Amino acid sequence: DADDNPRQEIRFELQLVDSETSVDEGAVADQETLRELAEAASTMNSTPSGGGGQNYQTSRLVREYALDWAEGFCQGCEEEAPFVDESGKPFLEVHHLHRRADGGPDAPENVIALCPNCHRRRHHGRDGDEFNQQLVEKAEERNQKFL
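Counting of residues starts from 1 at the beginning of each chain's written sequence and follows it residue by residue. Totals for whole chains, interfaces and linings use all residues, but because this is a predicted model, local features are given only for residues with pLDDT of at least 70 and pairs of side-chain atoms are given and counted only at 80 or more. Side-chain numbers come from the whole structure's heavy atoms, not from hydrogens or water.

Next up on the list: helix α4 (residues 128-144). Residues separated by three or four positions in an α-helix point in the same direction, a consequence of the helix having 3.6 residues per turn. Over its 17 residues, α4 extends 24 Å from the first C-alpha to the last, a length consistent with the 24 Å expected when each residue adds 1.5 Å. Relative accessibility decides the category of a residue: with a 1.4 Å probe and only protein chains considered, values under 20% of the type maximum give buried, values over 50% give exposed, and everything between is partly exposed. Note on conventions: DSSP H or I runs of at least 4 residues are helices, E runs of at least 2 residues are strands, and numbering of each starts at the N terminus. Listing the buried residues of α4 in full gives Gly128, Phe131, Asn132, Leu135, Val136, Ala139, Arg142 and Asn143. Here the buried residues of α4 occupy an arc of 150° about the axis, which is enough to place them on one side. Pointing more than 90 degrees away from the buried face of α4 are the exposed residues Glu141 and Gln144. To estimate how far a helix should reach, multiply one less than its number of residues by 1.5 Å. Think of it as the arc spanned by the lines of direction from the helix axis to the C-beta atoms.

This is the structure:
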């Protein structure tokens with residue numbers, strides 16, 4: 001400052017946020033349309049967000065696509081979602097099959113919806129890598145429908 005006293009500072013990292021087209025609440029889009037919207041949005045958020053950590057933003061449309069495809073069922077254990085969230089929708093978590101930190105895209109072909117147990121199994125289970133490979137194979141079957 002003017003008296004040569006040190007000051008504390010707070011730094012904010014500003015990020016440009018792209019607005020995404022979204023499916024209106026209550027409107028029903030077919031899976032092909034939702035996938036097209038998610039594919040278009042997937043190129044927008046391919047870099048880490050935030051400061052020094054590896055925190056990646058997931059496109060809302062990519063998330064909506066994964067949850068819509070799952071139709072309320074875990075794509076790992078194939079059981080119904082364990083509960084419904086505050087908005088009344090089945091609670092599932094979106095998992096990136098190939099880690100974003102390793103260059104995996106935030107794209108429809110790289111996501112799958114899992115119950116919390118299966119998601120933790122993938123990341124913390126002894127058989128996590130083998131389980132993820134099974135999930136990759138399920139997603140590849142799903143993706144064949146769009147080729």
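Our next topic: the confidence of the model for the protein. In the predicted model, the protein carries a mean pLDDT of 80, and the fraction of residues at 70 or more is 72%. Values of pLDDT, ranging from 0 to 100, describe the predictor's confidence in every residue of the model. The secondary structure element of the protein with the lowest average pLDDT is strand β1 (residues 48-49), at 51, and the one with the highest is helix α3 (residues 116-124), at 97.

In this section: the packing of aromatic side chains. Within a pair of aromatic rings, the relevant descriptors are the distance that separates the centres and the angle that separates the planes. Stacked, tilted and edge-to-face are the three classes assigned to paired rings of Phe, Tyr and Trp, where Trp is represented by its six-membered ring and a pair needs centres within 6.5 Å; plane angles under 30 degrees give stacked, over 60 edge-to-face, the rest tilted. Taken as a whole and assessed by the stated rule, the structure comprises two aromatic pairs. Judged by centre distance (6.4 Å) and plane angle (35°), the ring pair of Tyr65 and Trp69 falls under tilted. Remark: Trp69 and Tyr65 occur in helix α2 (residues 60-70); sequence separation between them is four residues, near one turn of the helix. With centroids separated by 4.9 Å and ring planes inclined at 10°, the aromatic side chains of Phe83 and Phe91 adopt a geometry described as stacked. Judged by its relative accessible area of 44%, Phe83 is partly exposed. By relative accessible area, which is 25% here, Phe91 ends up partly exposed. Sitting over the face of the ring of Phe131, Arg121 holds its NZ or CZ atom 4.0 Å from the ring centroid. Think of it as a cone above the ring: NZ of Lys or CZ of Arg counts as a charge over the ring if it is within 6 Å of the ring centre and within 35 degrees of the ring normal.

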